Each structure stands twice: as C-alpha cells, then as structure tokens.
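Residues per chain are reported as follows:
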Amino acid sequence: MISYKMPVGELKTVKDYRDLLTESMFLYALNQRFFKISRRKDPPYFSCSAAADVLVRPIKAYIMTSSCKEKGTIEALKSMLIEVARIRQHGFSEREISIVRALLMSEVESAYLERDQVQSTSLRDEYLQHFLRNEPVVGIEYEAQLQKTLLPYITASEVSKYSEKLKTSCSCVIKTVEPRATATVDDLKDVVEKINSLEEERRISPWDDEHIPEEIVSTKPNAGFIVQQIESSNIGATELILSNGMRVCYKCTDFLDDQVLFTGFSYGGLSEIPENEYFSCSMSSTISGEIGVFGYRPSMLMDMLAGKRAEVGFKIGAYMRTFSGDCSPSDLEIALQLVYQLFTTNVTPGEEEVKIVMQMAEEAVRAQERDPLTAFANRVREINYGNSYFFRPIRISDLQKVDPLKACEYFNNCFKDPSTFTVVIVGNIDPATACPLILQYLGGIPKPPEPILHLNRDDLKGLPFTFPATIIREVVYSPMVEAQCSVQLCFPVELKNGSMIEEIHFVGFVSKLLETRILQVLRFKHGQIYSAGVSVFLGGNKPSRTGDVRGDISINFSCDPDISSTLVDLALNEILLLQEEGPSDQDVSAILEIEQRAHENGLQENYYWLDRILRSYQSRIYSGDVGSSFEIQDEGRSKVRNALTPVTAQSALQRILPFPCKKQYTVVILMPQIRFKLLKSFFQYMQNSYGRDAKILAGIAGLTVLALSLWRYSRRTLKS
C-alpha cells in the first residue's frame, strides 16, 4: 500500500468541480493501466487499484493498493511506482483519455435519465455532505450539463499532471503486509531510490497501447424467428419461443428509465460431474473468464465497452448454468451481443494465461487458509454437509489436479446449446426495438447438430450430503490480530412435497420470526450482541418436481468469546419457547408488516420482478405456462399470510425445525487462539518443572488477496 497525503481542495466554484473531474479521470486512467498489467505474462501483482479518500476534514490521500504472490511485494511496489513515473515522463495517450471520457459521460447520462427515480438515501447523502463539508447541492440536471460541457475540453496533458502529486517525496507512506516477512525497510528504500533514478535519467519507456477492435460481433448472425408467442396478461409479460429452441420472456417496466436486467438459465451443473473431474470443472468459470469468454481478453473488452453501460456475467452452479446482464436500454444490443459471443466463443487455454490464473487461485487459497472467518465457514460446511467433496473447501493439492483443457472444454459445453435455455428480460424496453435484437442475437445463436447438456430437471443427480443426526457443538480456534468471536447455530429443514408452495412461504415467515426474537432477547434484553442474521438454504436436493426438499436454517451472530456458549443456550431456550408456547399476536403482526412492506417495495423494482418470474419458471408446479405458475405462487403467499396466527406459526416452527429444537442441531463457534501471555506462562511453568528452554513463534499476520478489478468511481465517490 502506498499513500500520499495532501490538503483537501474546496468545492465551491466551477473550476473546483473541473479539478475534481480531472482528478477522477486520472484515477480512472491509472486503474485501467493497473488492470492491464495484472493480466500480462508473469504479472507483478494480481490486482491493483488507486483511489482518493478523505482521511479527516482538512486532509485527503491518494492510496494505491495491490495484492501479489507471496514474496512478491518488492516486485509489486516496483511496478506501481514505475507506472506513476511513466505517466510523469510520457503522460497518458489521447486514446486512454477518450476511453475515460466516454466512461464518465455514460455514468452521468445514466444518472440524468433516472433523475426523477433517485432513491431518497442518495438525496439525503447529498444534503449530509453539504452539512458536514459545505459541498454545494446543485442537482443532477446542472451536474450533468456541467460534465458534458467540461469533459471534452479536459486534455490528456492536464490529467497526466496529477501524477506529480504521487511522488515519494510528497508525504508518502509505503506499507507491506505479509504472512511471513520477506521485504525489509531497506529493500523498500532501494526500490524507491532505483525508480527515482530511472525517472531522473528519463530511462522509462512509453506505455505500449494495444489495438482495440471496433465491433464486438464482427459478422452479424442471421436472425432467428418466432415459433410461438404467448401473452401472460396477469404478469404483463410476453413469452417467445425462438427457432433455435430458446425461450425468452420479457416484461416492460418504467421503474427506472436506464435499466434493463436479464437472466438466462438451463438445468444441469456441477452435480453431474464425477468426483475425479470435479476440481477441473469447478474451476472452469475462473479459468475461462480470465482467458476471455466473449471472444476477447478481459483487458481488451474493457476498452471496447468504454462508454457503454452493458455488463454480462455467468455462473455454473450445482444444478444450473446461468448468465445475467444489466444494461442501459440504449446498450441492449451490446449486452445481447455479449450473450451471443458467450455461446459462440470456443475458449482455448493458453499456457501463459493458465499459469497466471493458477497463480492467482493458489494465492487466493493460501489467503483463505490464513483467514479466520474462512476457516470458520469451511468447518461449518464440513460439519453440516458431511464433508462432501462438493462443499469441501478447495486446497492447494486440489489445484494440482486441475486440467485447464478439461475446464475450458466443460465451460464451452455449458454455454453452447441455446435450446436448453430460458431467458427472462425485465426493464425499460420497447418491444419494437428489442424484439429484432432478441431475434438477431439470441435467435441467431446456432443450435448444435446434437443436443449438448440437454438434461431433464427430474433426472439430475443430487448433491452427496447428509446433515448430522445428532447434536454437534464445536469450537474453531484461529490466530487473530484482533480477538473476535462468531457463532453459527444450524438446524436441518425438510419440506414435504405435498404442500411445498405454502411451506416455502412459511419458511420465510419463520426465519423472520426467529431473527426478530433472537434480536429481542440477545440484544435488547441481555445487551450482548449488536445484530443477528437468519439465513435459509434449500438447495440440498436436485430441482425435481417430486420428492421432499432438504436444507437448513442458520442463525449467526458475533459476541464476546467468554459468553458465546451461554448465548447459544439462551437462543436455543428462546426457540424452544416459541415451539412450545408460540409467538405473541404482536410478533405475528410485526413479521406480517415487515413482509408486506418488502413486497410492496419489491413491486416497484426490476430485480424483484426478474426474481419472481424466474422462480415461476423454476417452480415445481411450472408445466409450460409461466403466468399460471406465477399466479399459484402468489396465491400461496396470500394463503399463508391470511392463515398466519400465533397457533399456525407455532405449528410451522414445530414442523419445519426439529421438535424439540434441542434434539438436533449444530453449533460452530469461532474463537481466538490462546493468547501469547497464557502460552508464555504455560511454557515458563514447563521450563521451571523440567528445566527446558521454550521458544514461541507468534503473531502471524494474514494477507487478504483482494479480488479487485478495475476501480470504478461512482458519482458519489467523485463527490467525496
């Protein structure tokens, strides 16, 4: 970490705002370079970013942070310093600045389009900064006009001048954090002196810009056609079955003027993979993503998408393969082009690319092994899911079993056959514009001659796991810089097939009831915790339309290590009391109100509708009519709400959780390892008794590998 402190500038005039804009352009451009360096052959770091942060009211700092392989801190530092020196010597190119200009213009245009739909919290924060820092409140209309006026006239030379503020002579502090110290202060000084000398002698070469293609899809595909169109008037959605077999459902909304969301899914995932191929296939998304699943390397695609608000991601889970996107209506074509590229690109692993990815994965695993919370979460999974290979944390030895060729081959097959995918699109779309794009880029995905991963949801393999049949209470001890204690109390859940729709809604109400009551007792009555969370996992079984559903309900909280077991017993007693005596009328009214408010808010959000329609397709009752499936689920919610009373809530608690709850559960408690003083006194006792010398090795600091990509400034960050 390298930080440079300086006074905070005022923000009162247009010139002040222009300076702030120039500063943000500098940080954008610098971060683009850092990202591209991290994707080179033998990179000095795996991630690196620069940001400006106000430390206290009169002082701010530019902070550059990188994460690198073990024993690589000196090389990382050298690369960071030399890049800033390169900018001082040669500046940014006009192309680099034009990309940044397009990014900023895109962000402010999006904010302007949604100026009448802004969240209250954003307005509140503007007034807060006005009160705390005397920042002007000008409104997005004026700010957008200001940016559009100023951005074209901010030159590459002006932006590059900000590198003068990042000199090691400018109140600079350099820090390294390593699991085992390898870099000394003298080593750091040597690097600084060497880079300063190179800069003084002007021996730093210019930045080498790579060629960027103009188009994402070089040859436009032949458009498909609509085989069948179905209107679901009850949810305001239209379903299209395309000529290549893909099913597309779209819903037009006006919640946000600059948002279109979509998700596509297909059944069949990692549960189908034999154990001896699991590690290769589970790494397929990581390896393929770093090589480039859209036909271009990530660093190149970043430049190609400059000024476009279009993002597409993908995931391969236990039972499903999914891709998801978020874009501006004006960039829907770009987003759908990325989906087309995802299905038509054959990812081929290159030796150097694979080497970089595996190095990153290895360092990430080492960092996780040193992280107390990761060790805690891993042990929870091992206990609750029977140490199944699917839930077991990946280890260094597992990475050595990964076959990159197999990983990429599996990934290519996962997104190859469009006939197995259902896509849901929600947002501000005009069917007259969107449908031709859907037909060209989704309907234009070629269907393979033979079906690929064409799997029936009822025939999928279930995950191999079993919840413990008895009580398990375990403490995980981990070395920590600051002592902390985390608790997870977990109960098995099994929902019967006959009344599944209602039972799932009951699980939601029960989890909220548990969360509310645990908070009342452990926080407000005993004053021993700040917050508690209740999470539900119902993904234990394959998504077939028959059979019961297995999963668990977990209660999580942090507390003082000395009273952790006592608080677990208090929580168990309270849950048992709810099972035996039921909740009060006030408890039931409270959770009904919370659920209703969340539902009403959700009805005005694209994400909520996207999730509801996806769940209607994935529901057990879905049989080809998404509108009917949606309606049955909605009726199930209303039925449970109308039936929820203290008596029915009590019955649900007895039915969903083990009854009594104390007969089957697991508790895992994360505790700090025995403190140095206690160890020292113990060894002194041993020394006095047996006359032996003892040496203690203590204080291993953990290095967290940061999964940072290009740092992106939001408008709010700009203002801070």
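Residues numbered from 1 in each chain as written. Predicted model: local features only at pLDDT ≥ 70, side-chain atom pairs only at ≥ 80, totals over all residues. Heavy atoms only, no water.

The protein chain is annotated in an unreviewed UniProt entry as Peptidase M16 C-terminal domain-containing protein of Liquidambar formosana.

(A) Main features of the sheet that holds strand β13 (residues 486-495). An order of β12-β16-β13-β15-β14 is seen for the five strands of this open sheet, with the pairing classed as mixed. In this open sheet, the two strands that pair with only one neighbour each are β12 (472-478) and β14 (532-537). Direction aside, the axes of adjacent strands within the sheet are offset by 20 degrees on average. Here six bridges tie β14 to strand β15 (residues 549-558), and the two strands are oriented antiparallel to one another. (Pairing = 2+ DSSP bridges. Helix = DSSP H or I, 4+ residues; strand = E, 2+ residues; numbered from the N terminus. Axes fitted to C-alpha atoms, helices over the stretch in contact; angles between N-to-C directions.)

(B) How the structure looks around helix α22 (residues 646-656). Among the residues making up α22, those that are buried are P646, A649, Q650, A652, L653 and I656. Projected down its long axis, α22 shows its buried positions confined to an angular sector of 160 degrees, all on one face. Here the buried face of α22 lies against β13, α17 (500-525), β15, α18 (564-581) and α19 (585-602). (Buried < 20%, exposed > 50% of the residue type's maximum accessible area, 1.4 Å probe, protein only. Arc of directions from axis to C-beta. Contact = heavy atoms within 4.5 Å.)

(C) A look at the side chain of E199. Counting through the fold element by element, E199 comes out in helix α7 (residues 185-200). Within the local environment of E199, its side chain forms a polar contact with the side chain of R88, the two groups lying 2.7 Å apart. Beyond its immediate chain neighbours, meaning those up to four positions away, E199 contacts A85, R88, Q89 and I204. (Polar contact = N/O pair within 3.5 Å; in protein donor to acceptor, adjacent residues only side chain to side chain.)

(D) How the structure looks around the side chain of E382. Summarising the element assignment, E382 is placed in helix α13 (residues 372-384). Apart from residues no more than four positions distant in its own chain, E382 is found in contact with N387, R392, P393 and R395.

(E) Focus on the confidence of the model for the protein chain. A residue-level look at the protein chain finds 93% of positions with pLDDT of 70 or above and a mean pLDDT of 87. Ranking the helices and strands of the protein chain by mean pLDDT puts strand β11 (residues 422-427) first, with 98, and helix α24 (residues 715-719) last, with 34. (pLDDT = per-residue confidence, 0-100.)

(F) Broad picture of the nonpolar core. M246, I287, F323, F343, F415, I425 and L442 are the most contacted members of the largest nonpolar core, which has 93 residues in total. Counting residues per element, this core draws most heavily on helix α11 (residues 332-344), which supplies nine residues. Core analysis: the next-biggest nonpolar cluster, separate from the first, contains 53 residues, I2, L81, V159 and A306 among them. (Core = buried A, V, L, I, M, F, W, Y, C linked by side-chain atoms within 4.5 Å.)

(G) The arrangement of the environment of Q89 in detail. Take Q89: it is sitting in helix α2 (residues 73-90). Separated by 566 residues in sequence, Q89 and R655 have C-alpha atoms that sit 71 Å apart.

(H) Inspection of a nonpolar patch on the surface at higher detail. Taken together, the side chains of V118, L123, Y127 and V137 present a nonpolar region at the surface, about 350 Å² in accessible area. Following the sequence through the fold, L123 ends up in helix α4 (residues 120-133). (Patch = residues over 30% accessible without salt bridge, like charges linked within 9 Å, V, L, I, M, F, W, Y side chains within 5 Å. Areas by Shrake-Rupley, 256 points an atom, 1.4 Å probe, with all protein chains shown as cover. Salt bridge = Lys/Arg side-chain N within 4 Å of Asp/Glu carboxyl O.)

(I) How the structure looks around the pattern of salt bridges. For the structure on display, the rule yields 43 salt bridges. Between E201 and R203 there is a salt bridge, with its nearest N and O atoms 2.7 Å apart. For E201, a relative accessible area of 46% gives the class partly exposed. With its nearest N and O atoms 3.4 Å apart, the salt bridge here joins K496 to D548. With K496 in the loop between β13 and α17 and D548 in the loop between β14 and β15, this pair connects stretches of sequence that are 52 residues apart.

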